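Coordinate analysis (summary)
Below, each chain spelled out in residue letters.
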Amino acid sequence: MNVFVVLVLVAAVVVVGLLALTVAGRGGFAAPLADPLRTVPPVLLPPDPSPEDVDLLRFSPGLRGYRMDQVDEALQVLSVALAERDEEISRLRGSGSRDGVISGTARNPE
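Being a predicted model, the structure only gives us computed values, none of them experimental.

Of the regular secondary structure elements, the protein chain holds three helices and zero strands. Put simply, the protein chain runs from its N terminus to its C terminus through helices and strands in the order α-α-α. Looking at the 110 residues of the protein chain, the share that counts as buried comes to 7%. For the protein chain, the exposed area adds up to about 10300 Å²; of that, 63% sits on carbon and sulfur atoms.

Here Ser 79 is to be found in helix H3 (residues 68-95). Ser 79 has contacts with Pro 51, Val 54 and Asp 55, leaving out every residue within four places of it along the chain.

Glancing now at the nonpolar core. Proteins that are soluble and globular tend to have nonpolar side chains buried together. Counting residues in each nonpolar core, the largest one holds five residues, listed as Val 54, Leu 57, Val 71, Leu 75 and Leu 82. Looking at this core, the element that brings in the most residues is H3, giving three residues. Ignoring any residue separated from it by four or fewer positions in sequence, one finds Val 71 in contact with Phe 59 and Tyr 66.

On to the pattern of salt bridges, then. Close approach of charged atoms allows side chains with opposite charge to pair. According to the stated counting rule, one finds two salt bridges in the structure shown. A salt bridge links Asp 86 to Arg 85; its shortest N-O distance comes to 2.8 Å. What makes Asp 86 partly exposed here is its relative accessible area of 28%. Arg 91 is paired through a salt bridge with Glu 88; the nearest N and O atoms lie 2.6 Å apart. With Arg 91 and Glu 88 both in helix H3 and three residues apart, this pair spans about one turn of that helix.

Turning next to H3. An ideal rise of 1.5 Å per residue puts 40 Å on 28 residues; H3 measures up with 41 Å between its terminal C-alpha atoms. All of the buried residues in H3 are Val 71, Leu 75, Ser 79 and Leu 82. Looking at the buried side of H3, the elements it contacts are helix H2 (51-56).

What follows is about a nonpolar patch on the surface. The grouping of Val 6, Val 10, Val 14, Leu 18 and Leu 21 at the surface amounts to a nonpolar patch, some 420 Å² of accessible area in total. Turning to its location among the elements, Leu 18 is positioned in helix H1 (residues 2-24). A relative accessible area of 45% means that Leu 18 is categorised as partly exposed.

The rules behind these values
Counting from 1, residues in each chain are numbered in the order their sequence is written. Side-chain atom pairs in this predicted model are given and counted only at pLDDT of 80 or more, local residue features only at pLDDT of at least 70, and totals for whole chains, interfaces and linings cover all residues. Values shown for side chains rest on all heavy atoms present in the structure; no hydrogens or waters enter the calculation. Strands are runs of DSSP state E lasting at least 2 residues, helices are runs of H or I lasting at least 4, and numbering of each runs from the N terminus. When accessible area is computed with a 1.4 Å probe and restricted to protein chains, residues below 20% of their type maximum are described as buried, those above 50% as exposed, and intermediate ones as partly exposed. Only the protein chains shown count as cover for residues, with accessible areas throughout obtained via the Shrake-Rupley method and a probe of 1.4 Å. Every residue pair with non-hydrogen atoms within 4.5 Å of one another is taken to be in contact. Each nonpolar core is a collection of buried residues, namely Ala, Val, Leu, Ile, Met, Phe, Trp, Tyr and Cys, held together in the definition by side-chain atoms within 4.5 Å. Here, a salt bridge means any side-chain nitrogen of Lys or Arg that lies within 4 Å of a carboxyl oxygen of Asp or Glu. Expected helix span is given by 1.5 Å per residue-to-residue step, counting one fewer step than there are residues. A patch consists of residues whose relative accessible area exceeds 30% and which take part in no salt bridge; residues with like charges are grouped when within 9 Å of each other, and nonpolar side chains (Val, Leu, Ile, Met, Phe, Trp, Tyr) when within 5 Å.

None of this, on its own, says anything about what the molecule does.
Structure (structure tokens):
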């Protein structure tokens with residue numbers, strides 16, 4: 001009777017192994033699974049994003065997606081950095097045009 005139990009256990013292991021190979025697509029019995037179809041629109045930013053573009057950016061939730069609090073924090077940092085950059089550019093453009101001469105480009109009077 002012990003031999004019968006061992007044979008049943010070996011047969012069960014073989015059946016489970018073949019089933020696992022079939023599901024994985026490696027047993028030659030089934031074709032491999034196709035890539036999943038994308039059902040949500042892509043998240044796009046314009047080439048020159050403004051702070052408002054970042055504020056309006058939203059990600060779709062997913063089963064194994066990113067942590068929403070981390071994404072929100074990263075977007076907040078990006079929005080602040082873009083606002084500071086735009087302010088600095090505006091400041092430099094406004095102060096750099098005194099008398100039509102850019103610093104370091106005037107001719108030497110000698």
